[in-house]
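# Examination of the molecular architecture
One letter stands for each residue in the lines below.
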There are 2 protein chains.
Amino acid sequence: MTDGNAHSMKNHSSSGIHESVDALPLPTQLITQERANPSFPVRELTYFMDGGKEVTRLKEMVMLQLERDPVMKTIDHSDLSLSQIRERTMQKVRRLAYYVANEPVRNFKMRMSVLTLVDPGTWTRVGVHFGLFFGALQGQATSEQLQFWVSKGAVTLNGLVGCFAMTELGHGSNVAGLETTATYDEASEEFIIHTPNLTATKWWIGGAAQTATHSVVFARLIVKGRDYGVKNFIVQLRDPTTFALFPGIVIGDIGAKMGRHGVDNGWIQFTHVRIPRSHMLMKHTKVKSNGQVIEPPLQQLTYGALISGRVTMVVDSGNISKKALTIALRYAAIRRQFGARPGVPETRLLDYVIHQHRLIPLLAQAFAMHFTGVEVQSIYDNLMVQMETLRPGDKNIPQILDHLKEVHGTSAGLKAFCTWSALNVIDQCRQSLGGHGYSAYAGLSSLYGDFAVQCTWEGDNTILTLQAGRYLIGCYREAKAGKKQAGGVAYLNELDSFLKIRCLAKNATEISMEMIGQAHWLVAANVIKAAGENFEASLKRGLKEDAAYEECSQARLYAAKIHSYGYLFHRFKDGVLKAPANLQPILTKLCLLYGLYNISENTGPFLQYEFFTSLQIEWVKARVSELCKEIRVDAIPLTDSFNYSDFIINSPLGKYNGDVYQAYFDIINAAHPPAKVPSYFQSEIYPLLHRKLESEDILELEDDE
Amino acid sequence: MTDGNAHSMKNHSSSGIHESVDALPLPTQLITQERANPSFPVRELTYFMDGGKEVTRLKEMVMLQLERDPVMKTIDHSDLSLSQIRERTMQKVRRLAYYVANEPVRNFKMRMSVLTLVDPGTWTRVGVHFGLFFGALQGQATSEQLQFWVSKGAVTLNGLVGCFAMTELGHGSNVAGLETTATYDEASEEFIIHTPNLTATKWWIGGAAQTATHSVVFARLIVKGRDYGVKNFIVQLRDPTTFALFPGIVIGDIGAKMGRHGVDNGWIQFTHVRIPRSHMLMKHTKVKSNGQVIEPPLQQLTYGALISGRVTMVVDSGNISKKALTIALRYAAIRRQFGARPGVPETRLLDYVIHQHRLIPLLAQAFAMHFTGVEVQSIYDNLMVQMETLRPGDKNIPQILDHLKEVHGTSAGLKAFCTWSALNVIDQCRQSLGGHGYSAYAGLSSLYGDFAVQCTWEGDNTILTLQAGRYLIGCYREAKAGKKQAGGVAYLNELDSFLKIRCLAKNATEISMEMIGQAHWLVAANVIKAAGENFEASLKRGLKEDAAYEECSQARLYAAKIHSYGYLFHRFKDGVLKAPANLQPILTKLCLLYGLYNISENTGPFLQYEFFTSLQIEWVKARVSELCKEIRVDAIPLTDSFNYSDFIINSPLGKYNGDVYQAYFDIINAAHPPAKVPSYFQSEIYPLLHRKLESEDILELEDDE
């Protein structure tokens, strides 16, 4: 017997199967060793990232309640059928309805932000009501209307559950192109909601198939034959006592999806359904009983609500990355594969140069997303406070609109960049587990399937990146025209002198945080300038603005991507400066690695715009390797600092105590007891194994007759 | 009502719901227009890629048989539970057992190669027997043993189905580290097969849980206390009349996976199970009855069999990419989103610059993989012929071993490069569908889940890429020492003069196929040289060979990746030269695009090694855009040339006739009839909606008492 892992087969009968145990440390001992000498105070890092000890305490309370509540179980999700998981999810929705009615908003928000990490299906099914349906009421209803729907149960889910019917079979990102109509009938003072054709069928509506009694419906407001564009209406879908659909409404289940199986996405067709005039949400546009339409003075302010989901997704991207990396790194600290030479224990994955390169830069990236999430959330919260207190005629409207434009453009690009990055992290982590990554119980395949939708919903990533690119071209042109740019695009001011900066480092260690920051700005400035010049050249050739933007799409996309790398690096760098002194060394290493890794993975523009020489690029690559090796010793303590309980990690391969193989075997054995004869043995297998071969039954003709 | 898609709602009752139809062409008309003027003869391209008209005819026969056979149905896979899909797959296995016993091998091979595109679960469940179990017999059994197992049903599956127990819970890629033992007992002339501990549990064994009666078992041969390394043994697992497990054998189901749900992967533990001596496969190593072990003279020749799976995966990568792209491109030709301006029909996705950039270079890549697959298959087939006729003592052994080494190194790198590329194509195609890509019925999420395992099994991609890098360093060092290199690495000869070549193009159109080829070689030569120098520097510092390879892992990985880009480009270029004249223009465009796209996505090394200037890089990018636009007009005819029937495409969004929305709606409606009240309404929803709020039940204490 060779150097096998030594733990015993406690899964079996105890009849002498315990084999001799050699000198290899147990997985649990290995992980304990990994935790023996962290270079930083682990708990302090948790507090710092959470935003304080009190937040950590609250999060831990929520994690403990989730973990102990049998209703909130997730471990058997992989083995449930679609209808089973739908039912289970509804049980969880009821549980959450209890909490929402009985705890402070802050606690419930924390509960949801923890839940999304382990059960995104349930999070979405609840989020559709609170985030979308109730969010639409908050953003679009008059205060009188809001009060009415709250009295009907919109806060407590007592009597009413809402869904959000925006997208249609033929229309997703382009809300302005929706086809459903809401035609005002003055005689009855009603709107007639109607689906004119197949592609106008409301599609992907979360909660529509099996949950909602009411819906916000996006439909074109038609009054006296005139189309006023898309507005929001409340339509009751079902009778809450029988769940029967109201006449004129048909709803079907959209069925199997790539992930989030607990969410009952549905399709809805309306056939001349009448609703009272008061069911149009009239905070902005109003329709009077006589059919007079009053449009709002400040159209742009309605965009604010869109941004909230994007900010949440930036934060989620960091958190999901931390979860995936916890699994991959803990497993890599245990798993042995190939040896230095025969007779010596196989090497652990995490000790291989290549495995360090696979995971440790992604760990640094998770921190970059974390600090970016914190910053973007805070910018957004400030903006919302400003906007809520705003009244028509206020002097600071132009200034706030500028700010809104910035947050809108920035959040579009970051939503795309971070969700794509996180999806990549999940997939890289899954692949780093080797074959076991393909097991549903390892947790990463469902994490991928569940997370993937974030790259598409609330704005397809490619379209959002193009929007961000358009915003950057706008900034570039404003800066050129002398209008000072602020925030994350301030580097576009005084472009010409800035573009001449070169890296002066004379050896690898001289490449500083400052230089890395400059490198990112210089390259971003160049690609934005190139996109801007491309755009302006098209205008000069006589193209209209939209056509000129279309022409430079590829350059816009590239500009937004490169800008985002730099944006994240600078948020990370700022975050490090705010950290307590005893956390600075480890965070500085991670931040350096993040910046240098960006460069090493995208050497093209850094060479093309001559910030670095070819020799300096080689130094950058060498520093990446060194930093991976340095951070490797802290890898497990860093996963601990994320402070996710085993319930949240939801993977035997990422178990805190390191006993990964036993936990994996136990889960699979519990789900599928061994030594079963398949139910279809008699009907399908026996006849295969015991058949008479067809060739024995052929009459052979004799040719020489 | 705005410019909606015009086709009617035939899904509904005919009671007047048909709306006015405006001037927009129907989806079916749109796709017909796309096919009106291909720049090349579509059917000719099909014949050329298939390898002749007769092959196309055979493929079409097989596709028709699959499509019409109710047993082979796949459309409802997304809605089957794990146990249902396992049973369905077994029905298909029986169907295939009929064919294998009644048709020529060539036809059955074609059947399997078509099946893998639409039902990889079934393909694997059958492939485990024929490719792995029977493959092991062919490669490892004496002719007497082979004959014995054939007489037991190993060809017809009549009486025997095999599985292949190689990997263990704690051991995947490193076969030499397996822990299961086969200890020879001279007294009884038996081997004792034993699982010494938990990590030695056979794991991921396809067919073990519910299909196989027998298994090839990889175990360490132990004779008289000496360990001879891992050999192959046949162990009977179950009684074919009852399917009961034999004593000492426990098998469990590994349960839910990321994909290929039809395959019953299992775990196996052996507890001192005795098998006759004749059940060790003794083509190479032999154990005599007295325990004498005779080892083979030509150990290396046993590697040949490993390569076959890799070659198949290179071919599959091209084919799966073609399938994914057919779906994405056909949908993109129909789907409208955003408009040039209000009142004008929304633009179709495929007419957007950015959508062309997303898909058309991947289309070119699919062709590159296609031609690479053809070439690698032919190299492999030739090698096998040489090896099969080889006898110990033959003069050409060193030459054949060199060839084997080349094919081994090349196929390792290509398996990894192509499966990663194809996985990326699938995901990019899925994302290009927007929200609908997230629907299981769109077909791309399951394609991803099913295909992902190819990046891991039969050699984890990262490990294979490192192997390829090691091979390349070896070639570099041989070439430096004056040993002429042949085949795909011939560019390493006369390196020093070669490295000084620069691109002399004076404008974008001057960048020729020849120059693109040189660019790839020059860059690959540089990165291989860098990796080789890195390796030699480590040797000079006193490191042993393995440690020196470990040190330069990142450089090896990079070298292999860059080499593969060039390898594919050159195979594509060679393929174009072999094409009929009327296919050359379109194939040349695709080949140019493939090469230029590689460069534009990896500008770093092309700038670093100074083949291109910064200005030339901008020309490359501009040419990519132009070629995308040029090829766009042929995009749909190119998908047609792949010649996959709707059954194989298995996605309403990729339907040949373009009626994508109706087909999508019909599939979902058939799977989930509308207007159903959820089964858990009374138990879960009613109580939520009609509950008394908890706050109403609290006794309020009066503080001022």
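Residues numbered from 1 in each chain as written. Chains lettered and ligands numbered in written order. Predicted model: local features only at pLDDT ≥ 70, side-chain atom pairs only at ≥ 80, totals over all residues. Heavy atoms only, no water.

### As for the overall build of chain A
Helices and strands together make up the secondary structure of chain A, namely 23 helices and 13 strands. C-alpha atoms of chain A, sized along the principal axes, occupy 90 × 80 × 80 Å. Residues classed as buried in chain A amount to 60% of the 705 residues present. About 26,900 Å² of surface is accessible on chain A, with carbon and sulfur atoms providing 54% of the total. With 71 positive and 71 negative side-chain charges, chain A shows a spacing of 8 Å between the two charge centroids. (Helix = DSSP H or I, 4+ residues; strand = E, 2+ residues; numbered from the N terminus. Buried < 20%, exposed > 50% of the residue type's maximum accessible area, 1.4 Å probe, protein only. Areas by Shrake-Rupley, 256 points an atom, 1.4 Å probe, with all protein chains shown as cover. Lys, Arg positive; Asp, Glu negative; His and termini not counted. Charge placed at Lys NZ, Arg CZ, Asp CG, Glu CD.)

### Section: the nonpolar core
Soluble globular proteins tend to bury their nonpolar side chains together. Ranked by internal contacts, the top residues of the largest apolar core, which has 354 residues, are A:Phe367, A:Leu587, B:Phe367 and B:Leu587. Contact partners of B:Leu587, with chain neighbours within four places excluded, come to B:Leu45, B:Phe48, B:Phe367, B:Phe371, B:Phe572, B:Val576 and B:Ala579. (Core = buried A, V, L, I, M, F, W, Y, C linked by side-chain atoms within 4.5 Å. Contact = heavy atoms within 4.5 Å.)

### Describing the relation of the copies chain A and chain B
With an RMSD of 0.0 Å, the operation that places chain A on chain B is a rotation of 180 degrees combined with a shift of 0.0 Å along the axis. The transformation relating the two chain copies, once decomposed into turn and shift, fits a two-fold axis. In terms of C-alpha distance to the rotation axis, chain A has A:Gly604 as its closest residue, with the C-alpha 1.7 Å off the axis. Residue by residue, 100% of the interface of chain A is reproduced at the interface of chain B, so both copies engage with the same surface. (Least-squares fit on C-alpha atoms with pLDDT ≥ 70 in both.)

### Section: the packing of helix α17 (residues 584-601) of chain A against helix α19 (residues 614-632) of chain A
Residues and elements named next belong to chain A. The interhelical angle for the contact between α17 and α19, taken along N-to-C directions, is 140 degrees, at an axis separation of 9 Å. In terms of orientation, α17 and α19 fall into the oblique class. Crossing of α17 against α19: the hand is left-handed. Contacts from Lys-589, Leu-590, Leu-592, Leu-593, Leu-596, Tyr-597, Ile-599 and Ser-600 of α17 reach α19 at Ile-617, Val-620, Lys-621, Arg-623, Val-624, Leu-627, Cys-628, Glu-630 and Ile-631. Here the contact of α17 with α19 is built from residues that sort into 12 nonpolar, 1 polar and 4 charged. (Axes fitted to C-alpha atoms, helices over the stretch in contact; angles between N-to-C directions. Parallel < 35°, antiparallel > 145°, perpendicular 65-115°, else oblique. Left-handed = near helix turned anticlockwise from the far one by under 90°. Nonpolar A, V, L, I, M, F, W, Y, C, P; charged D, E, K, R; others polar.)

### Side note on the side chain of A:Ser564
Residues and elements named next belong to chain A. Among the structural elements, Ser-564 can be located in helix α16 (residues 553-578). Residue classification places Ser-564 among the buried residues on the basis of a relative accessible area of 4%. Residues contacting Ser-564, with those up to four places away along its chain left out, are Gly-413 and Phe-417.

### What about the environment of B:Thr122?
Residues and elements named next belong to chain B. Here Thr-122 lies in helix α6 (residues 120-140). For the pair formed by Thr-122 and Gln-91, sequence separation is 31 residues and the distance between their alpha carbons is 9.5 Å. Among the polar contacts listed, one links the side chain of Thr-122 to the side chain of Asp-119, at a separation of 2.8 Å. (Polar contact = N/O pair within 3.5 Å; in protein donor to acceptor, adjacent residues only side chain to side chain.)

### Observations regarding the pattern of salt bridges
Enumeration according to the criterion identifies 79 salt bridges over all chains in this entry. One salt bridge in this structure joins A:Arg226 and A:Glu295, with 4.0 Å as the shortest N-O distance. Of this pair, A:Arg226 sits in strand β6 (residues 226-236) while A:Glu295 sits in the loop between β11 (293-294) and α8 (304-334), and the two are 69 residues apart along the sequence. Exposure remark for A:Glu295: the relative accessible area of 40% places this residue in the partly exposed category. We note a salt bridge from B:Lys202 to B:Glu168, for which the minimum N-O separation is 3.1 Å. In this pair, B:Lys202 sits in strand β4 (residues 202-205) while B:Glu168 sits in the loop between β1 (162-165) and β2 (181-185), placing the two residues 34 residues apart along the sequence. Residue B:Lys202 is classed as buried on the basis of its relative accessible area, which comes to 0%. Among the residues examined, B:Glu168 registers a relative accessible area of 2% and is labelled buried. Shared partners join several salt bridges into a network, and the residues in it are A:Glu34, A:Arg348, A:Asp351 and A:Arg632. (Salt bridge = Lys/Arg side-chain N within 4 Å of Asp/Glu carboxyl O.)

### Focus on the interface of chain A and chain B
In this complex, chain A contributes 152 residues to the contact, which on the side of chain B involves 152 residues. In this assembly, chain A packs against chain B so that about 12,400 Å² is buried in total across both faces, 58% of it on carbon and sulfur atoms. Area buried by chain A at its contact with chain B is led by A:Leu198, A:Tyr438 and A:Tyr680, which between them contribute 7% of it. Counting every contact that joins chain A to chain B gives 5 salt bridges. Of the charged contacts in the structure, one is a salt bridge between A:Arg358 and B:Asp460, with a shortest N-O distance of 3.8 Å. (Buried area = accessible area lost by both parts, 1.4 Å probe.)

### Quick look at the UniProt feature "domain: Acyl-coenzyme A oxidase N-terminal" (unreviewed entry) in chain A
Listed under "domain: Acyl-coenzyme A oxidase N-terminal" (unreviewed entry) in the UniProt record, and renumbered for this structure, are residues 42-151 of chain A. Taken end to end, residues 42-151 of chain A is 82% helix and 0% strand, and its first and last C-alpha atoms sit 47 Å apart. (UniProt positions renumbered as here; feature names shortened; annotations may be inferred.)

### Concerning the state of the cysteines
Applying the stated criterion across every chain yields a total of 0 disulfides over all chains. Unpaired in terms of disulfides, A:Cys455 finds its nearest cysteine sulfur in A:Cys418, a separation of 11 Å. (Disulfide = S-S within 2.5 Å.)

### Details of unusual backbone geometry
Across the chain, the bulk of peptide bonds are trans and the bulk of non-glycine residues have phi less than zero. All names here are of chain B. The phi dihedral of Glu-189 is positive, around 50 degrees, even though this residue is not glycine. Along the chain, Glu-189 turns up in the loop between β2 and β3 (190-194). What makes Glu-189 partly exposed here is its relative accessible area of 36%. Backbone geometry places Lys-224, a non-glycine residue, at a positive phi of 50 degrees.

### With respect to the domain arrangement of chain A
Residue and element names in this part refer to chain A. Here chain A is partitioned into domain 1 (42-137), domain 2 (161-294) and domain 3 (303-642). Taken together, the 16 residues of domain 1 in the interface contact 22 residues of domain 2. Interface area, domain 1 with domain 2, both sides summed: about 1,600 Å², of which 67% is carbon and sulfur. Its largest share of buried area at the contact with domain 2, domain 1 owes to Arg-86, Arg-125 and Phe-133, together 39% of the area lost on that side. Counting across the interface, domain 1 meets domain 2 through 2 salt bridges. Asp-253 serves as the salt-bridge partner of Arg-86, at 2.7 Å between the closest nitrogen and oxygen. In this assembly, domain 1 and domain 2 are joined by 8 residue pairs in polar contact (both at pLDDT 80 or more). (Domains from an automatic or database assignment.)

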